[in-house]
Amino acid sequence: MERLSQLWSEVVAFMAPRWLPSLIVVVVAGLVYLVALMVLGRAQRHWVTRTATQIDDLAVRLLRQALLLSSVTWAVWRLLEIWGMPTVAQWVYAIWIGVLFFPLSRFVGDLLTAIESEVVSRTETSLDKTALPMINKAVRFVIVALGVVVALAELGINIAPLLAGAGVMGLALSLAAKDTLSNLIAGVLLIVDRPFQVGDRIELWTAPNETGSWGDVIEIGLRATKIRNPDNLVIVVPNNQIMQRDITNYTMSGQDIRLRIPFSVAYESDIDRAKELLVEIAIGVEDVKKEPEPIVIARGFGPSEVKLQLRVWILEARARRRIADEISERALRAFAEAGVEIPYPKRELYIRSGGDLSPGVASKPGGGSDSGGD
């Protein structure tokens with residue numbers, strides 16, 4: 001009994017000067033948290049709910065979570081200091097720093113999600129729906145990792161070896177997956193540059209022989225882009241190849257584009273009449289714009305022809321092949337009816353017979369002759 005009485009006296013002597021400060025710490029932490037909640041609640045009712053943006057709502061939620069964590073952590077930290085456990089108090093302080101980055105990570109993630117919804121609703125590409133959430137997760141992971149590093153540094157733990165090991169591992173992974181990472185980075189850059197979108201018609205570089213050299217974009221992925229050509233063949237092009245080449249997009253600037261169709265007429269033909277016929281034919285074709293009016297220019301001279309070029313604006317970029325075919329077919333018939341000669345290769349032969357040089361005709365053994373012109 002004497003031993004128990006002595007132990008009880010020691011406990012009372014230890015607790016007597018500490019219970020009142022401990023009670024004050026708990027009360028102060030609770031009052032600060034309640035007052036802060038009241039202020040935030042009033043601000044949310046009179047200001048936050050009246051705005052259309054979500055940023056203020058997310059900020060209020062972040063402050064509420066941070067206040068709760070800070071109040072509880074401060075109370076625990078002070079109680080440990082009062083009760084003579086400074087080492088444990090230091091650990092609590094470091095843990096508070098690390099845990100505080102979790103609501104911050106959630107705030108940044110929700111903010112990026114709001115931005116993602118706006119971007120995806122305007123573009124509606126599979127790349128945005130895939131890449132943006134991955135970027136969101138990566139940013140949140142980086143924030144949490146930063147909090148862990150700061151907490152470890154607060155505890156006095158040397159993080160240099162950990163960072164060095166992580167750097168070596170990252171270098172090894174990047175070398176092993178160089179092509180994959182290159183395609184992933186190129187896919188992310190497609191979000192920023194947007195040289196094309198799903199549904200655009202672009203020129204192909206790797207189309208099989210004897211197939212269409214252009215196609216419609218049907219899917220944009222993180223690793224590759226899928227394009228369907230006019231032969232209904234789907235060509236998968238790695239994103240890093242796309243970012244390294246010139247991209248010809250027929251529909252990016254709108255549906256109407258200018259079409260250039262080459263023609264040739266013989267030197268003996270009426271050039272002005274040929275130009276008039278081409279303009280009349282172009283105006284009569286469906287989907288050819290009347291304004292600006294089609295024009296025909298002389299592009300140069302060949303061995304047996306004058307090179308002309310018809311330039312027309314069309315309403316639908318996807319119809320350029322059909323329009324060019326229809327204009328060429330009509331021009332062939334119109335030239336034939338109007339007597340405008342379409343040139344073909346001509347050659348004169350000079351045949352030497354004996355000492356004479358006569359163009360086109362030579363004597364044959366037996367008294368005959370042979371025409372050498374074509």
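Structure report, in brief. (Residues numbered from 1 in each chain as written. Predicted model: local features only at pLDDT ≥ 70, side-chain atom pairs only at ≥ 80, totals over all residues. Heavy atoms only, no water.)

Secondary structure summary: the protein chain contains 9 helices and 11 strands in total. Across the 374 residues that make up the protein chain, the buried fraction comes to 30%. For the protein chain, the proportion of contacts with a sequence separation of at least 24, taken over those separated by at least 6, is 61%. Just so you have it, the protein chain exposes about 23,500 Å², and 62% of that area is on carbon and sulfur atoms. (Helix = DSSP H or I, 4+ residues; strand = E, 2+ residues; numbered from the N terminus. Buried < 20%, exposed > 50% of the residue type's maximum accessible area, 1.4 Å probe, protein only. Contact = heavy atoms within 4.5 Å. Areas by Shrake-Rupley, 256 points an atom, 1.4 Å probe, with all protein chains shown as cover.)

Here 3 strands make up an open sheet; going across it, the order is S5-S7-S6 and the pairing antiparallel. At either end of the open sheet lies a strand with only one pairing partner, and these are strand S5 (257-265) and strand S6 (295-301). Here the strands of the sheet are splayed against their neighbours by 25° on average, with no regard to which way each runs. Strands in contact with helix H9 (residues 320-338) are S5 and strand S7 (306-314); relative to S5, the strand with the most contacts, it is inclined by about 30°. (Pairing = 2+ DSSP bridges. Axes fitted to C-alpha atoms, helices over the stretch in contact; angles between N-to-C directions.)

Moving on to the environment of glycine 339. Positionally, glycine 339 belongs in the loop between H9 and strand S8 (350-353). Distance from glycine 339 to aspartate 270, taken between C-alpha atoms, is 8.8 Å for residues 69 residues apart in sequence.

Below, the discussion takes up the packing of helix H8 (residues 271-283) against H9. One way to put it is that H8 packs onto H9 with a least axis distance of 10 Å and a crossing angle of 140°. By the angle class used here, H8 and H9 are oblique. Handedness of the crossing formed by H8 with H9: right-handed. Across from Arg273, Ala274, Leu277, Leu278, Ile281 and Ala282 in H8, the residues of H9 making contact are Ile327, Arg330, Ala331, Ala334, Phe335 and Ala338. (Parallel < 35°, antiparallel > 145°, perpendicular 65-115°, else oblique. Left-handed = near helix turned anticlockwise from the far one by under 90°.)

Turning to the side chain of asparagine 240, a few remarks are in order. Considering the arrangement of structural elements, one finds asparagine 240 in helix H7 (residues 239-243). For asparagine 240, a relative accessible area of 18% gives the class buried. Setting aside its immediate chain neighbours within four residues, asparagine 240 contacts Ser182, Asn183 and Ala186.

Between its first and last C-alpha atoms H8 spans 19 Å; for 13 residues at 1.5 Å apiece the expected length is 18 Å, and the two agree. Listed as buried for H8 are Ala274, Leu277, Leu278, Val279, Ile281 and Ala282. For H8, the secondary structure elements touched by its buried residues are S5, S6, S7 and H9. (Expected span 1.5 Å × (residues − 1).)

All right, on to the side chain of arginine 320 then. Structurally, the position occupied by arginine 320 is in helix H9. Despite its burial, arginine 320 remains without a salt bridge, the nearest opposite charge being carried by glutamate 203 at 4.2 Å. With residues up to four places along the chain from it excluded, the contact list for arginine 320 reads Glu203, Trp214, Tyr250, Ile257, Leu259 and Ile314. (Lys, Arg positive; Asp, Glu negative; His and termini not counted. Salt bridge = Lys/Arg side-chain N within 4 Å of Asp/Glu carboxyl O.)

On to H9, then. The end-to-end C-alpha distance of H9 is 26 Å, a good match for the 27 Å that 19 residues give at a rise of 1.5 Å each. Taken together, the buried positions of H9 are Arg320, Ile323, Ile327, Ala331, Ala334 and Phe335. The arc that holds the buried residues of H9, viewed along the axis, is 100°, so those residues lie on one side. Exposed residues pointing more than 90 degrees away from the buried face of H9 are listed as Asp325, Leu332, Ala336 and Glu337. Taken together, the buried residues of H9 touch strand S1 (201-203), strand S2 (214-220), S5, H8 and S7. Phi for glycine 339, located one or two positions after H9, is positive at around 75°. (Arc of directions from axis to C-beta.)

Once that is clear, we can look at the sheet that holds strand S3 (residues 224-228). Strand order in the open sheet made by the 4 strands is S1-S2-S3-S4, with antiparallel pairing throughout. Of all the strands in the sheet, the pair left with one neighbour each is S1 and strand S4 (234-238). Strand after strand, the sheet turns through a mean of 45° between neighbouring axes, direction not considered. Of the strand pairs in this sheet, S3 and S4 are connected by 5 bridges, and their pairing is antiparallel. Each residue of the ladder has a partner; that of alanine 224, found in S4, is proline 238.

With 4 bridges joining them, S2 and S3 adopt antiparallel strand pairing. In the sheet register, aspartate 216 faces S3, and the bridge partner there is arginine 228. Count of turn residues in the S2/S3 antiparallel hairpin: 3 residues. Where S3 hands over to S4, the hairpin turn is made up of 5 residues, of which asparagine 232 adopts a positive phi near 65°.

One pass over the full model with this rule turns up 10 salt bridges. For the salt bridge of arginine 106 with aspartate 110, the shortest nitrogen-to-oxygen distance reads 3.9 Å. You can see arginine 106 and its partner aspartate 110 sitting in helix H3 (residues 86-123), 4 residues apart, about one turn around the helix. Looking at arginine 106, the relative accessible area reads 35%, which means it is partly exposed. Between arginine 322 and aspartate 287 there is a salt bridge; the shortest N-O distance is 2.8 Å. Pair noted here: arginine 322 is in helix H9 and aspartate 287 is in the loop between H8 and S6, with a separation of 35 residues, a long-range link. A relative accessible area of 34% means that arginine 322 is categorised as partly exposed.

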